[in-house]
Amino acid sequence: MTEIPKAYEPQSVEDKWYDFWLKQGCFTADPKSAKPAYSIVIPPPNVTGMLHMGHVLNNTIQDILSRRARMDGKEVLWLPGTDHAGIATQVMVEKQLKKEEKKSRHDLGREEFLKRVWAWKEKHGDIIINQLKKLGCSCDWTRERFTMDPEYSRCVQKVFVELYKKGLIYRGKRMVNWCPVSQTALSDEEVEMKPQNGFMYHFKVQVAEAPDTWLTIATTRPETIPGDTAVAVNPKDPRYAHLIGKHIVRPLPAELPQDKKLIPIIGDEHVDFEFGTGVLKVTPAHDKADFDIGTRHKLPLIEVINADGTMNTLAGGPLAGLDRFKARKVAVEILTEQGAMIEAKPYENNVGFSQRADVPIEPRLSEQWFLKYPAVPESKACVAEGRMKFHPDRWAKVYDHWLANIQDWCISRQLWWGHRIPVWSKDYADHLASFGDSDKIDKATRGRNDFVVRTEPQIKCAEDNDKPARIYICISPDASADSDQKNIIQLIESLGYKQDSDVLDTWFSSWLWPFATMGWPEPTETLKKFYPTTDLVTGPDIIFFWVARMIMAGYEFMGEAESAGPKKFALPDAMPFQNVYFTGIIRDKQGRKMSKTLGNSPDPLVLIAQYGADALRFGTMRSAPLGQDVLFDEKDVELGRNFCNKLWNACRFRQMVGSADFPIQGEIERTLLNPDDKWLLLKLDAAIREVTIALNEYKFSEATAALYRFFWNEYCDWYVEASKAVFFGTDAKQKANTLAVIDFVLSHTIRLFHPFLPFITEELWHGMGFATDMPDNQGGKTIMNAPWPLPFDDDFKGHYGLDDCYVEMTDTKYELVRNGRDLRRAGNIQAAKKVKYVFKPAQHLTPHDAEVIKLLLNAEALEVNADYLPPKGTPVVASPLGELFLPLEGLIDVAAEKIRLGKEIEKNQSEIVKVEQKLANPNFTTKVPPAVLVEHEQRLLDWKNKLAQVQTALAALN
RNA sequence: AGGCGCUUGGCGCAGUGGUAGCGCAGCAGCUUUACACGCUGUGGGUCGGGGGUUCGAAUCCCUCAGCGCCUACCA
């Protein structure tokens with residue numbers, strides 16, 4: 001560092017070092033390395049995404065873990081990439097298309113539309129990657145993956161075929177969560193329940209067989225009345241049980257003749273007679289629970305809502321064509337006109353919303369692909385038994401509960417962007433008609449059931465042969481260069497088979513992330529070295545979406561226990577990671593979630609430009625306690641910047657006091673170590689321990705707090721100031737030794753900071769010359785590989801005489817200084833005015849200590865005089881080291897001093913009373929552990945001594 | 001409805017049985033030869049309410065309240 005700016009300027013430093021790291025291949029993991037492995041896979045951000053504060057939190061943590069592991073001597077792989085984000089990406093490109101060309105995706109056609117999506121990805125897909133680089137992330141970019149990469153797609157298809165073969169993937173007609181905006185099915189996890197203010201409508205219906213009897217029905221969705229095919233009551237309900245088997249007249253559609261609107265009253269245990277009126281309208285086509293009732297009672301289904309959320313003609317003239325919410329109002333109007341409407345009570349209920357489109361989902365009957373989750377028992381056990389650890393561990397319960405109540409996963413999506421379902425099907429008039437095709441296909445695929453699976457028609461009896469049949473063939477299309485697949489696809493397509501038009505849920509590809517990114521299914525060097533990964537860092541909001549599913553995929557496809565087909569290698573414990581760290585959620589300082597609509601989410605890149613990436617990282621980490629949400633405040637980033645500046649200037653100070661005369665990192669001569677040096681070295685040792693432990697426990701805010709305290713309060717505030725006593729002196733040997741101590745401490749401190757502040761520490765590491773005498777792979781090239789500081793061992797402490805008594809002794813000295821400074825203020829002495837102190841030592845005081853005290857007091861002089869007789873009224877502070885006087889005859893404000901001492905006496909007395917009361921209690925003295933008793937007695941003695949000294953001082957004033 | 005978490009000075013948090021702490025903000029002062037992105041000093045809390053266990057509770061137990069999150073087919 002030849003030229004040292006007064007303030008740290010991150011902009012000039014950060015890009016320089018990031019380029020350097022990239023050019024030097026510092027982030028590239030070597031699977032052939034002999035070092036122990038450490039690996040993380042990034043939670044792949046959406047390829048459409050922009051960096052937000054959640055990414056900052058999450059990726060800073062991963063970077064800290066990775067950098068720390070490198071310094072710990074591990075071979076580190078932090079594997080990055082992005083996911084294709086099916087709906088989000090498709091919607092984005094559709095919007096663009098509409099805006100720029102006024103076309104829909106249907107205008108273009110599937111193939112052309114996908115070309116556009118790819119074009120968009122090529123152009124904008126690396127935005128978020130570049131943003132991560134700005135943050136300083138040390139990902140192995142040579143291995144960057146995208147879930148739609150050809151190799152990755154092959155993994156997805158292979159997995160589909162294997163699960164299909166095991167019968168875990170099936171096609172079913174079921175009630176699914178339907179998003180009317182995106183017009184696709186969603187999984188249960190993509191539905192978010194939100195309380196909504198609506199109305200509970202009560203309307204009456206007539207019992208056909210007993211025209212005097214009317215039933216009152218409660219509903220929140222009157223627009224679905226035309227879809228009702230029954231009315232249910234609880235068979236145990238005395239009010240209604242006798243009506244079961246009779247019929248009611250459905251009020252809608254109004255124009256339908258009465259005999260077409262008779263629906264039965266059925267008895268079903270599901271009906272809660274406490275709720276509503278105890279009479280439930282059953283709409284099997286538009287409600288999950290009603291669908292189940294309908295199945296139990298073999299009720300017909302009437303669909304009245306279209307895929308886009310509008311009503312169809314079966315809903316009746318006035319409703320047809322209306323949006324479902326508009327239809328609700330119209331239905332209410334019609335009922336009111338009919339005189340059927342009794343009341344509309346304001347009512348709050350939970351409504352499922354599509355997470356993506358933020359509109360209420362519509363339960364809808366449709367044919368979809370489902371997956372029965374594999375490897376559930378193994379996945380449950382590994383967390384329950386503690387082999388895989390969750391941090392904080394309370395998430396283990398949440399995970400366990402979900403797995404215990406797991407429902408089949410709807411994996412098909414009615415989208416174009418994504419992995420197309422590798423299944424072809426053909427409808428035959430009857431089974432016999434399929435036999436000819438089947439023979440041909442058998443011939444072509446013989447022996448290749450590893451990638452081709454055909455469903456056999458279910459033939460239970462001879463008559464089944466006459467029934468229509470649909471045959472599914474599941475093929476892994478691009479499994480290799482082998483042309484067989486292409487030929488088979490060609491064959492079946494020529495026979496009239498068509499590929500399913502749906503794509504797979506994006507999570508159906510990301511659940512393979514930990515191994516599909518490493519070259520699976522080939523037994524690659526990377527997989528062998530780095531799977532299972534060490535840590536996963538993610539948000540608890542995707543514990544079901546992603547974490548749980550990755551664990552299942554790990555067991556299913558990497559494990560040796562299951563019979564998932566021939567595996568090229570398998571592991572005894574195939575769990576994909578050993579630890580899962582769940583971050584908190586970033587909120588604004590009022591505790592609100594960050595969102596685009598609120599506009600309360602700062603742009604991390606703006607913050608980086610303004611304060612530096614290190615500052616952003618440090619500020620975020622400092623306010624992110626384990627398991628707590630993070631209330632983000634720009635003040636934290638400012639604090640981070642201030643800290644970097646402090647670090648910078650502390651190094652600048654070292655450069656200024658140690659000119660060319662003093663080599664960097666001279667040897668510490670143990671005989672020249674003064675108490676301040678020893679104090680500092682012991683504090684450093686404590687800091688190394690604390691930071692190391694905190695990092696091992698994923699307590700990042702504790703680690704930063706410890707570092708902050710050590711560096712700012714202990715090193716800068718006390719040691720650096722005290723060291724000026726040496727540097728302003730004349731003893732060259734002493735100066736050299738102090739510099740050696742500083743270099744030792746700084747070189748350790750900078751390393752401790754490196755995972756948190758990668759840029760400034762690299763700059764200082766080189767600038768201060770610490771890199772020069774390190775081996776190339778041990779910090780000579782980059783601080784990234786410098787060894788992580790270890791706590792001092794007994795030999796080291798013994799050699800340098802680092803006894804804990806120096807901590808106590810020096811703390812006492814600094815306490816004396818603090819009290820001495822207070823005297824000036826109590827005496828109303830201007831801060832700028834230099835004054836003389838007199839010290840009356842209780843024991844021998846070295847000239848060095850005297851000089852330190854003088855300097856820290858900012859005193860004009862410190863007279864050390866064991867026989868000092870203070871003039872009456874001289875303010876004094878007492879310490880085990882002796883008494884410190886501020887002799888200022890005539891200048892002292894006696895009244896103020898009396899008040900100060902009075903307060904002091906009061907405090908001492910109240911503390912004495914507290915301890916005395918305890919010690920007077922025989923229950924206390926007999927039951928308490930001896931150490932506690934001794935400690936209390938000592939405490940009482942200390943307070944009494946202090947009181948006596950203060951009382952003496954007060955007496956002297958009178 | 002159930003589960004989990006939180007409640008400590010104005011704000012954000014640490015403290016999990018033995019003298020209530022930290023940072024920010026506040027206040028007073030300071031161009032002290034690394035740093036005003038700084039230095040020095042300082043005020044401020046009966047630890048959400050109540051009860052219990054204990055010689056002793058912010059800390060353990062019970063209970064109530066408020067806030068937040070997750071799970072759930074109550075129309």
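Residues numbered from 1 in each chain as written. Chains lettered and ligands numbered in written order. Predicted model: local features only at pLDDT ≥ 70, side-chain atom pairs only at ≥ 80, totals over all residues. Heavy atoms only, no water.

Asker: It is not clear to me how the overall build of chain A should be interpreted in this structure. Could you clarify?
Answerer: Looking only at helices and strands, chain A features 30 helices and 30 strands. In terms of C-alpha radius of gyration, chain A reaches 38 Å, well past the compact-globule figure of 30 Å for 958 residues. Expressed as lengths along the three principal axes of its C-alpha atoms, the size of chain A is roughly 120 × 75 × 60 Å. Looking at the 958 residues of chain A, the share that counts as buried comes to 53%. Of the contacts made within chain A by residues no fewer than 6 positions apart, 78% connect residues no fewer than 24 positions apart. Of the roughly 42,600 Å² of accessible surface on chain A, 52% is carried by carbon and sulfur atoms. (Helix = DSSP H or I, 4+ residues; strand = E, 2+ residues; numbered from the N terminus. Rg over C-alpha atoms; globule rule 2.2 N^0.38 Å. Buried < 20%, exposed > 50% of the residue type's maximum accessible area, 1.4 Å probe, protein only. Contact = heavy atoms within 4.5 Å. Areas by Shrake-Rupley, 256 points an atom, 1.4 Å probe, with all protein chains shown as cover.)

Asker: What is the right way to look at the packing of aromatic side chains in this model?
Answerer: To describe a pair of aromatic rings, one takes the distance between the centres and the angle between the planes. As enumerated under the stated definition, the model contains 54 aromatic pairs in all. Against the face of Trp21 rests Arg67, its NZ or CZ located 4.5 Å from the ring centre. The ring of Tyr708 has Arg622 lying over it, and the distance from NZ or CZ to the ring centre is 5.0 Å. (Phe/Tyr/Trp six-rings, centres within 6.5 Å; stacked < 30°, edge-to-face > 60°. Lys NZ or Arg CZ within 6 Å of the ring centre and 35° of its normal.)

Asker: Would you mind showing me how to read the side chain of Asp140 here?
Answerer: By secondary structure assignment, the location of Asp140 is in the loop between helix H6 (127-135) and strand S4 (145-146). Its relative accessible area of 0% is what places Asp140 among the buried residues. At 3.0 Å, the side chain of Asp140 and the backbone nitrogen of Ala29 are in polar contact. (Polar contact = N/O pair within 3.5 Å; in protein donor to acceptor, adjacent residues only side chain to side chain.)

Asker: Honestly, helix H19 (residues 613-622) in this entry has me stumped. Any pointers?
Answerer: Because the α-helix completes a turn every 3.6 residues, residues three or four places apart line up on one side. Burial of H19 is extensive: nine of the 10 residues sit out of reach of the surface. Among all positions in H19, only Ala613, Asp614, Ala615, Leu616, Arg617, Phe618, Gly619, Thr620 and Met621 are buried.

Asker: Please explain the sheet that holds strand S14 (residues 362-371) as it appears in this structure.
Answerer: In any sheet, the strands associate via hydrogen bonds between backbone groups, in a parallel or an antiparallel arrangement. Taken in spatial order, the four strands line up as S6-S5-S14-S16 in an open sheet, and their pairing is antiparallel. Two strands close off the open sheet at either side, each with one partner strand: strand S6 (184-186) and strand S16 (409-410). As judged from the 10 bridges shared by strand S5 (residues 169-179) and S14, these two strands associate in the antiparallel manner. Considered in S14, the bridge of Asn177 is made with Pro363. (Pairing = 2+ DSSP bridges.)

Asker: Where do I start with the protein's contact with RNA strand B in this structure?
Answerer: As a matter of local geometry, RNA strand B sits amid 56 residues, with His270, Asp272, Asn649, Arg825 and Lys927 nearest to it. Contact distances for RNA strand B include 2.4 Å between a sugar or linking oxygen and a side-chain N or O atom of Asn649. Counting only elements with at least two residues in the surface near RNA strand B, the list comes to strand S8 (210-219), strand S13 (341-354), helix H11 (394-404), helix H20 (634-657), helix H22 (700-727), helix H26 (805-826), helix H29 (922-927) and helix H30 (930-957). Among the elements that take part in the surface near RNA strand B, H20 stands out by supplying 10 residues, more than any other. A breakdown of the residues in the surface near RNA strand B according to their chemical character gives 22 nonpolar, 14 polar and 20 charged. (Near = heavy atom within 4 Å. Nonpolar A, V, L, I, M, F, W, Y, C, P; charged D, E, K, R; others polar.)

Asker: Teacher, can you tell me more about the sheet that holds strand S15 (residues 389-391) here?
Answerer: Sheet architecture is open: three strands sit in the order S15-S24-S23, paired in parallel fashion. The sheet terminates laterally at S15 and strand S23 (533-538), the two strands that pair on one side only. Adjacent strand axes in the sheet meet at a mean angle of 15 degrees when their direction is disregarded. As paired elements, S15 and strand S24 (residues 577-582) share three bridges and run parallel to each other. Pairing of Lys389 across the sheet is with Asn579, part of S24. Packed on one face of the sheet, helix H17 (residues 543-558) meets S15, S23 and S24 and runs near 170 degrees to S24. (Axes fitted to C-alpha atoms, helices over the stretch in contact; angles between N-to-C directions.)

Asker: Sorry if this is basic, but what is going on with H22 here?
Answerer: Tyr715 marks the point of greatest bend in H22, at about 40 degrees. For H22, a buried count of 21 out of 28 residues is recorded, marking the element as mostly surrounded by other parts of the structure. (Bend = angle between axes of the 7 residues up to and from the residue.)

Asker: I keep staring at the side chain of His202 and nothing clicks. Help me out?
Answerer: By the element assignment, His202 lies in strand S7 (residues 191-207). Apart from residues no more than four positions distant in its own chain, His202 is found in contact with Thr216, Ile217, Ala218, Thr277, Ala340, Met341, Ile342, Glu343 and Lys345.

Asker: It is not clear to me how the pattern of salt bridges should be interpreted in this structure. Could you clarify?
Answerer: If the charged atoms of two oppositely charged side chains come close together, the side chains can form a pair. Tallied over the full model, the rule gives 50 salt bridges. Asp685 serves as the salt-bridge partner of Lys797, at 3.2 Å between the closest nitrogen and oxygen. Of the two residues, Lys797 sits in helix H25 (residues 794-799) while Asp685 sits in helix H21 (residues 675-696), which places them 112 residues apart along the sequence. Accessibility expressed as a relative area gives 4% for Asp685, which makes it buried. Each of Glu101, Lys103, Glu112, Lys115 and Arg116 takes part in one network of salt bridges that share partners. (Salt bridge = Lys/Arg side-chain N within 4 Å of Asp/Glu carboxyl O.)

Asker: Can you help me understand the nonpolar core in this one?
Answerer: The tendency in soluble globular proteins is for nonpolar side chains to be buried side by side. Ranked by internal contacts, the top residues of the largest apolar core, which has 196 residues, are Phe160, Phe390, Phe508, Trp511, Leu512, Phe711 and Tyr715. Counting 29 residues, the second largest nonpolar core, distinct from the first, contains Val231, Ile263, Ile305 and Leu335. (Core = buried A, V, L, I, M, F, W, Y, C linked by side-chain atoms within 4.5 Å.)

Asker: How do you make sense of the domain arrangement of chain A when you look at a structure like this?
Answerer: Many structure descriptions define interface size as the accessible area lost when the parts assemble. Structurally, chain A comprises domain 1 (31-161 + 507-583), domain 2 (184-367), domain 3 (428-499), domain 4 (604-803) and domain 5 (807-957). Computed from C-alpha atoms alone, the centre-to-centre distance between domain 2 and domain 4 is 69 Å. (Domains from an automatic or database assignment.)

Asker: Sorry if this is basic, but what is going on with the environment of Asp323 here?
Answerer: By the secondary structure assignment, Asp323 is in the loop between helix H8 (288-297) and helix H9 (324-338). The spacing of Asp323 and Trp679 is 356 residues in sequence and 75 Å in space, taken between C-alpha atoms. Excluding residues within four positions of it along the chain, Asp323 makes contact with Gly309 and Thr310.

Asker: In this structure, what is going on with the packing of H26 against helix H28 (residues 894-920)? I would like to understand it.
Answerer: Angle between the axes and distance between the axes: these two values describe a pair of packed helices. At their nearest, the axes of H26 and H28 sit 10 Å apart, and the two run at 135 degrees to each other. Considering their axes alone, H26 and H28 lie oblique with respect to each other. The segment H26 lies against H28, with Asp822, Leu823 and Ala826 engaging Ala896, Glu897 and Arg900. Here the contact of H26 with H28 is built from residues that sort into three nonpolar, no polar and three charged. (Parallel < 35°, antiparallel > 145°, perpendicular 65-115°, else oblique.)

Asker: Is there a simple way to think about the pairing of strand S11 (residues 262-267) in this case?
Answerer: Within a regular strand, side chains alternate between the sheet's two faces. Inspection of the sheet shows strand S9 (residues 230-233) paired to S11 by three bridges, in the parallel sense. Of the residues in S11, the one forming a bridge with Val231 is Ile265.

Asker: What exactly am I supposed to notice about the packing of helix H2 (residues 53-71) against H6 here?
Answerer: Contact pair H2 / H6: the axes reach a minimum separation of 11 Å and the direction vectors enclose 60 degrees. It follows from the interaxial angle that H2 and H6 lie oblique. Seen from above, H2 lies across H6 with right-handed handedness. Of H6, the residues touching H2 (which contributes His55, Val56, Asn59 and Thr60) are Ile128, Leu132 and Leu135. A per-class count over the contact of H2 with H6 returns four nonpolar, three polar and no charged. (Left-handed = near helix turned anticlockwise from the far one by under 90°.)

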